[in-house]
Amino acid sequence: LPICFPVTIEKYRPLYKRQTYLKEVEQLIGSETPLAELWSMYCEFKKDKVKKSTYDYLVVTIGDRVRALAINNVYDAELIKSILLSQTTEQMAERVLVKLSALFDWCMTKKVIKADFNPYPAVIKEFRSEIKEKVETEPRPLSNKEIELLFEKMSVKYHNLIKFCLMVGCRPSEAIGIAWEDANLQEGYMILGRTLIVTGK
């Protein structure tokens, strides 16, 4: 029997390099997929690879900001930055941009989107430079003298709690409601929101 060899090497290419596969991916997902949908796919991928607190942070804290963007074009990092700044603080905007940069890398790796480079690192670098150049006076609810008086009047056992509340800007009930699962020491963030009210006679 004659041996027939394929005319092209298409069938021997890795799946993600085959034209038919790329076409199917483009039809299924493509560049017009809403950003929030891409973020949901990314979170699902990370679900079994990170701690529950990190997963909750991605889905809830960052996810709420991503869903509020209501934008389809994941490539337009500059526009996304502008929208974020109109909706939230500079600190939160930077966190979301960093996570979207990770999303973009993941999308390129998984061939979900087609791109030659990730546009987010350059936007993040410029954004951080702009923040650094700003000279702003941060609001001070208490003067240095008032803080000194506060520590004088309060028992020493509460000093660390007071310092934490002043530095973070949270309520005492939020501070004492923090559990270990709310803190991510690797990525340097803490989730606030759980409160604990202690009543006594």
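J.: Tell me about the overall build of the chain, residues and numbers included.
T.: Secondary structure summary: the chain contains nine helices and two strands in total. Along the chain, helices (α) and strands (β) appear in the sequence α-α-α-α-α-α-α-α-α-β-β when read from the amino end. Scored against the burial criterion, the 201 residues of the chain give a buried share of 29%. For the chain, the exposed surface amounts to about 14400 Å²; the carbon and sulfur share of it is 56%.

J.: Hey, could you go over the packing of helix α4 (residues 77-87) against helix α5 (residues 90-109) for me, with residue numbers and the actual values?
T.: Two elements in contact, α4 and α5, have axes whose closest approach is 9 Å; the angle formed by their N-to-C orientations is 150°. In this view, α4 runs roughly antiparallel relative to α5, as classed from their interaxial angle. Both α4 and α5 take part in a crossing whose hand is right-handed. Where α4 approaches α5, its residues A77, I80, K81, L84 and L85 are matched on the opposing element by E90, A93, V96, L97 and L100.

J.: Any details on the environment of S40? Residues and values, ideally.
T.: Assignment of secondary structure puts S40 in helix α2 (residues 35-46). For the pair S40 and L58, spaced 18 residues apart in sequence, the C-alpha separation works out to 9.4 Å.

J.: Could you give an account of the pattern of salt bridges, naming the residues involved and the relevant values?
T.: Taken as a whole, this structure holds seven salt bridges when the rule is applied. Here R128 ties to E94 by a salt bridge, and the two come within 2.4 Å at their closest N and O atoms. With R128 in helix α6 (residues 120-133) and E94 in helix α5, the pair connects residues that are 34 residues apart, well separated along the chain. The class of R128 is partly exposed, set by a relative accessible area of 42%. The partner of R171 in a salt bridge is E174, and the shortest N-O contact between them spans 3.8 Å.

J.: Which residues make up the side chain of K81, and what are the values?
T.: If you trace the backbone, K81 turns up in helix α4. According to the relative accessible area criterion, K81 is buried, its value standing at 6%. With residues up to four places along the chain from it excluded, the contact list for K81 reads L97, V123, F127 and E130.

J.: Give a detailed account of α6, specifying residues and quantitative values.
T.: Spanning 14 residues, α6 covers 20 Å between terminal C-alpha atoms, matching the ideal 20 Å at 1.5 Å per step. Residues Y120, V123, I124 and F127 constitute the buried set of α6. Down the axis of α6, the buried side of the element spans an arc of 100°, and every buried residue falls inside it. When the buried face of α6 is taken as reference, the exposed residues oriented beyond 90 degrees from it are A122, K125, K132 and E133. On the buried face of α6, the contacting elements are α4 and α5.

J.: Describe the nonpolar core, and please don't skip the residues or the numbers.
T.: Burial of nonpolar side chains together is a common tendency in soluble globular proteins. Within the largest apolar cluster, 32 residues are counted, with the highest numbers of intra-cluster contacts made by L35, W39, I80, L100, L103 and Y120. Of all the secondary structure elements, the ones that give two or more residues to this core are α2, α3 (52-69), α4, α5 and α6. If you tally residues by element for this core, the top one is α5, at nine residues. Other than its neighbours up to four places away in sequence, L35 contacts V66, L69, I71, N72, V74, I80, L100 and L103.

Each value, and the rule that gives it
- Residues numbered from 1 in each chain as written.
- Predicted model: local features only at pLDDT ≥ 70, side-chain atom pairs only at ≥ 80, totals over all residues.
- Heavy atoms only, no water.
- Helix = DSSP H or I, 4+ residues; strand = E, 2+ residues; numbered from the N terminus.
- Buried < 20%, exposed > 50% of the residue type's maximum accessible area, 1.4 Å probe, protein only.
- Areas by Shrake-Rupley, 256 points an atom, 1.4 Å probe, with all protein chains shown as cover.
- Axes fitted to C-alpha atoms, helices over the stretch in contact; angles between N-to-C directions.
- Parallel < 35°, antiparallel > 145°, perpendicular 65-115°, else oblique.
- Left-handed = near helix turned anticlockwise from the far one by under 90°.
- Contact = heavy atoms within 4.5 Å.
- Salt bridge = Lys/Arg side-chain N within 4 Å of Asp/Glu carboxyl O.
- Expected span 1.5 Å × (residues − 1).
- Arc of directions from axis to C-beta.
- Core = buried A, V, L, I, M, F, W, Y, C linked by side-chain atoms within 4.5 Å.

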